[in-house]
Amino acid sequence: MPKTPIAFDYTLETVAPDEAETHAELSRTLMGIQHTVNDDHGHAYRSVHAKSHALLEATFEVVEGLPSELAQGLFGTAKSYPAVVRISTNAGDPLPDTISLPRGMAVKVIGVEGARLPGSEDDQVQDFVMANGKAFAAKDAKAFMKNLKLLAGTTDKAEWGKKAISAVFRTAERALEAVGTESTFLKTMGGYPNSHPLGESYFSQVPIRFGDYVGKIGVFPASQSFTALEGKEIAVDGRADAIREQMNRVLTTDGGVWEMKVQLMRDVEANPIEDASAVWPEEDNPYLTVARIRIAPQTAWSETRATVGDDKLAFAPWQGLAAHQPLGGIMRARKLPYKNSAGLRGQLNGCPMHQPREAVKLPA
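This report concerns the structure included in the present document. (Residues numbered from 1 in each chain as written. Predicted model: local features only at pLDDT ≥ 70, side-chain atom pairs only at ≥ 80, totals over all residues. Heavy atoms only, no water.)

## Focus: the overall build of the protein chain
Okay, step 1: Tallying secondary structure elements over the protein chain gives eight helices and nine strands in all.
Okay, step 2: For the protein chain, buried positions account for 56% of its 364 residues.
Okay, step 3: Long-range contacts, defined as pairs at least 24 residues apart, comprise 78% of the intrachain contacts of the protein chain with a sequence gap of at least 6.
Okay, step 4: Element-wise, carbon and sulfur atoms account for 53% of the exposed surface of the protein chain, whose accessible area totals about 15400 Å². (Helix = DSSP H or I, 4+ residues; strand = E, 2+ residues; numbered from the N terminus. Buried < 20%, exposed > 50% of the residue type's maximum accessible area, 1.4 Å probe, protein only. Contact = heavy atoms within 4.5 Å. Areas by Shrake-Rupley, 256 points an atom, 1.4 Å probe, with all protein chains shown as cover.)

Right, here's the structure in full:
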């Protein structure tokens, strides 16, 4: 039997004395990426996860009959909400898919009521920001800063060089995986397999408050239309937008379902909050289903769809309920930089960000 989940307490976090300086430097770096890309493209994108592959209208359904340890916060009552799902890759510039990078998923649940996080008091959304790896690529905010500066240094560089490096790194990563290991560095810098995003699982990577407890969030393929794509790769040679094409091919006709699950914190040492690079063991602490995300058949991506899903929406883990407060140094490091980045994007594009209060209609 799993251990009893550990009760949430603010003392579980350890705030470094110089975090404010690190957050300010992160913010400057992210905004610098945006200015560079805006100068190149005449359009401002997100400073990370610039290129979207799917922008989806969704229904978010909280599962009925959850046990008390799972019926927390947003998940306290079985209810359906309108939602928006965005799937992307992590670079700060919209690169061709021949440069293969880790994927991200952002979910915005709309019409959520309850006590709000600071800075989100007037909103009615709950955002979940995830990536397709169980742990974050950096242990803490300072290591995150180093990685981000490395990413910033590749922005506005020749695409032909990135394509060549990506091909080499993909080959090296496959060789490592063939002997049962992997390299986070190779994946982050262009060696990620060209796997189908609909067959991937996505994770918060770092913990959030889960009502009375603490947990990590995961989203897993649940419908046959998605599970059939697990482990499948997309042929990207010569196709700059191969992923968008494949997403449209599946979602226009089939739609699909993901399950959202939570892994509760049950051991302080095995489930650290401040080490974002730590994978919490699952042998006796599995991810447990708390909601389903349903996608009706629809266009996955189009230029007109992006004018709403990309240009008018911002996703951030600090946009939500107090019951789901982001925890740990990486999450604290996201608060100011994400807010400033979204503000700059809205300013450069002449399209200020607004949080929706009702279902978002994305152009077909």
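That was the structure; now back to the text.
## A few points about empty space enclosed by the protein
Okay, step 1: One pass over the structure, following the stated rule, counts two cavities of 30 Å³ or more.
Okay, step 2: One number sums up the size of the largest cavity: a volume of about 90 Å³.
Okay, step 3: Class assignment of the residues belonging to the lining of the largest cavity gives a composition of seven nonpolar, three polar and one charged.
Okay, step 4: In terms of residue class, the lining of the second largest cavity is made up of six nonpolar, four polar and three charged. (1 Å grid on protein atoms, 1.4 Å probe; cavity = no way out; pocket = protein on both sides within 12 Å on 5 of 7 lines; lining within 4 Å. Points joined across faces, edges and corners; volume = space filled by probe spheres on them. Nonpolar A, V, L, I, M, F, W, Y, C, P; charged D, E, K, R; others polar.)

## A look at the pattern of salt bridges
Okay, step 1: For the structure on display, the rule yields 20 salt bridges.
Okay, step 2: Among the salt bridges present, the one from K108 reaches D127, with a minimum N-O distance of 2.9 Å. Taken as a pair, K108 in strand β3 (residues 103-110) and D127 in strand β4 (residues 125-131) lie far apart in primary sequence, 19 residues in all.
Okay, step 3: Here K108 falls in the buried class, since its relative accessible area comes to 0%. (Salt bridge = Lys/Arg side-chain N within 4 Å of Asp/Glu carboxyl O.)

## Brief notes about helix α1 (residues 19-41)
Okay, step 1: The end-to-end C-alpha separation of α1 is 33 Å, in line with the 33 Å expected for 23 residues at 1.5 Å each.
Okay, step 2: Among the residues of α1, E19, T22, H23, L26, S27, T29, L30, I33, Q34, V37 and N38 are the ones counted as buried.
Okay, step 3: Looking one or two residues past α1, G42 carries a phi angle of roughly 70°, positive in sign. (Expected span 1.5 Å × (residues − 1).)

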